[in-house]
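Here is what each chain is made of, one letter per residue.
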Amino acid sequence: MKATKSPRKASAKPSVPRDESNVERLYLELRDRAMRYEFKPGARINEKQLGEQLGVARATLREALNRLVAEGLLEFVMNKGFYRKSISVNEVFDLYQVRIALERRAVLLAIQRAPDEEIAAVKAYWVDVMRRCDQLATADLVLADEEFHRRLVALSQNKELTSFIDIVTRRTHVARHVDIEQLSSWNLQAFDAHLEVIDLIAQRKTEEALRVLSEHIDISLKRALEITKEMVARFFLADGAESLQAVEQAAQRSQEQLAA
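> Would you take a moment to explain the overall build of the protein for this structure?
Along the protein, the regular secondary structure elements total twelve helices and two strands. Each helix (α) and strand (β) of the protein, taken in turn from the N terminus, gives the series α-α-α-β-β-α-α-α-α-α-α-α-α-α. Buried positions account for 43% of the 260 residues belonging to the protein. Pairs at least 24 apart in sequence give 74% of the contacts found in the protein among residues at least 6 apart. Summed over all atoms, the accessible surface of the protein reaches about 14700 Å², with 51% contributed by carbon and sulfur.

Take a look at the structure:
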C-alpha cells in the first residue's frame, strides 16, 4: 500500500519589514514644508510629482500625508486628493484659544509638580534668549519663543499636554512668525511676560501666574485679524484662499464671540 503524500504547505512569502524611519523622515520634511506654507493655501498637492521629487513610493508618501491630515495641516478630499488648508482667521482664533486652555492647565500643574531646579532652568533658558535677542533673526526668535512655551508646558510633568501643545504650535507657526516679525513695544512686553510667568510659578502663585499667562497669549489673540491679513497678503496665490474682506468679516464674528 502506497503511503499518501501529505499536501505541501504553501511557503509563506518572507515579510518585508516596514521602514518606519523612512516614513518618519518624510513626515518631518513634509511637515516643515506645510508649516512654512511651501504648499500654497488651498492648493492640491500633486502626489505623483512630489513622490518623484522626493524619490519615495506612493504608499510611503500617503502615510506621511495622512499624518499631516490628522494634525490639521492638510485636508483630504475624497476622489480629489490632499490639499494645504486655506488660511482662516477663525482657525487662528480657535488655535490661540486652545493654546490658552492648554497652557493654563500646564501652569496649574507646574505649580503643583515642577521641582524648583526645573523651573529655574526654564527661566535661565529665556534669560539667555533675551540676552541674545538683538542678534537673533526672526525665524530663530520664533523657534526660541516656541521652545520656551514647550519647556513651560513640560513643567506640568504631563506628556499628553506637551504632545497637544506641539501640534498647536506647528499649526500656528507662520502666524507667530508674522506676529514676532512685526516686533514692537507690545511684543517686547509679551516677551517680558515670559519671565513674569516663570517667576510666579517658582513662587507657587497660581492665580497671578494664570492671569499673566492669559493676558500674554490674549495679546496675539486680539491681533489675529492683522496677523491673518498679513498671511493672506503673503500667500494669496492659491485658488480658494479667503479674500481680505472675508477675513475681516470672520474676524468680526470671532471678536463678537469673545465679547459675548
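We are not done yet, so read on.
> Just checking my understanding: could you explain the packing of aromatic side chains for this structure?
We describe a pair of aromatic rings using the distance from one ring centre to the other and the angle between the two ring planes. Taken as a whole and assessed by the stated rule, the structure comprises three aromatic pairs. Relative to Phe191, the ring of Trp126 lies with its centre 5.5 Å away and its plane at 65°, an arrangement referred to as edge-to-face. Within this pair, whereas Trp126 is found in helix α5 (residues 116–131), its partner Phe191 is found in helix α9 (residues 185–202), the two being separated by 65 residues in sequence. Here the aromatic cluster, defined as three or more aromatic residues joined through ring pairs, consists of Trp126, Phe148 and Phe191. Taking the ring centre of Tyr37 as reference, the NZ or CZ of Arg84 above it sits at 4.0 Å.

> Is there a simple way to think about the confidence of the model for the protein in this case?
Residues shown with low pLDDT carry predicted positions that ought not to be read at fine detail. A residue-level look at the protein finds 80% of positions with pLDDT of 70 or above and a mean pLDDT of 81. Across residues 1–18, confidence stays below pLDDT 50; counting only partners more than four residues off in sequence or on other chains, it has two contacts. Here residues 237–243 is modelled with pLDDT under 50, and outside its nearest four sequence neighbours on either side it reaches 17 contacts, counting other chains as well.

> Just checking my understanding: could you explain the pattern of salt bridges for this structure?
Where side chains of opposite charge bring their charged atoms close, a pairing between them can arise. Scanning the entire structure with this criterion turns up 19 salt bridges. For Arg33, the salt bridge is made with Glu29, and the minimal N-O distance between the two is 3.2 Å. Within this pair, Arg33 and its partner Glu29 are both found in helix α1 (residues 20–35), separated by four residues, close to a single helical turn. By relative accessible area, which is 36% here, Glu29 ends up partly exposed. A salt bridge links Asp166 to Arg150, with the nearest nitrogen and oxygen atoms 2.8 Å apart. Residue Asp166 is located in helix α7 (residues 159–171), and its partner Arg150 is located in helix α6 (residues 138–154); the two are separated by 16 residues in the primary sequence. Classification of Arg150 as partly exposed rests on a relative accessible area of 26%. Through salt bridges with shared partners, a single network forms among Glu147, Arg150, Arg151 and Asp166.

> I'm lost on the pairing of strand β1 (residues 74–77) in this one. Help?
A regular strand places its side chains on the two faces of the sheet in alternate fashion. Sheet topology places β1 next to strand β2 (residues 81–84); four bridges connect them, and they run antiparallel. Residue pairing in the sheet places Glu75 in a bridge with Tyr83 of β2. Hairpin geometry of β1 and β2 is characterised by an intervening segment of three residues between the two adjacent antiparallel strands and by a positive phi of about 65° at Asn79.

> When you look at the nonpolar core in this model, what are you seeing that I'm missing?
Side chains of a nonpolar character, in soluble globular proteins, are inclined to be buried together. Counting 44 residues, the largest nonpolar core has Val107, Leu152, Leu155, Ile201 and Met231 as its most contacted members. With eight residues, helix α4 (residues 89–113) is the largest single contributor of residues to this core. Excluding its chain neighbours within four sequence positions, the residues that come into contact with Ile201 are Val107, Ala110, Ile111, Ile119, Leu152 and Ala209. Grouped together as the second largest cluster of nonpolar side chains are 15 residues, Ala34, Leu68, Leu73 and Phe82 included.

Each value, and the rule that gives it
- Residues numbered from 1 in each chain as written.
- Predicted model: local features only at pLDDT ≥ 70, side-chain atom pairs only at ≥ 80, totals over all residues.
- Heavy atoms only, no water.
- Helix = DSSP H or I, 4+ residues; strand = E, 2+ residues; numbered from the N terminus.
- Buried < 20%, exposed > 50% of the residue type's maximum accessible area, 1.4 Å probe, protein only.
- Contact = heavy atoms within 4.5 Å.
- Areas by Shrake-Rupley, 256 points an atom, 1.4 Å probe, with all protein chains shown as cover.
- Phe/Tyr/Trp six-rings, centres within 6.5 Å; stacked < 30°, edge-to-face > 60°.
- Lys NZ or Arg CZ within 6 Å of the ring centre and 35° of its normal.
- pLDDT = per-residue confidence, 0-100.
- Salt bridge = Lys/Arg side-chain N within 4 Å of Asp/Glu carboxyl O.
- Pairing = 2+ DSSP bridges.
- Core = buried A, V, L, I, M, F, W, Y, C linked by side-chain atoms within 4.5 Å.

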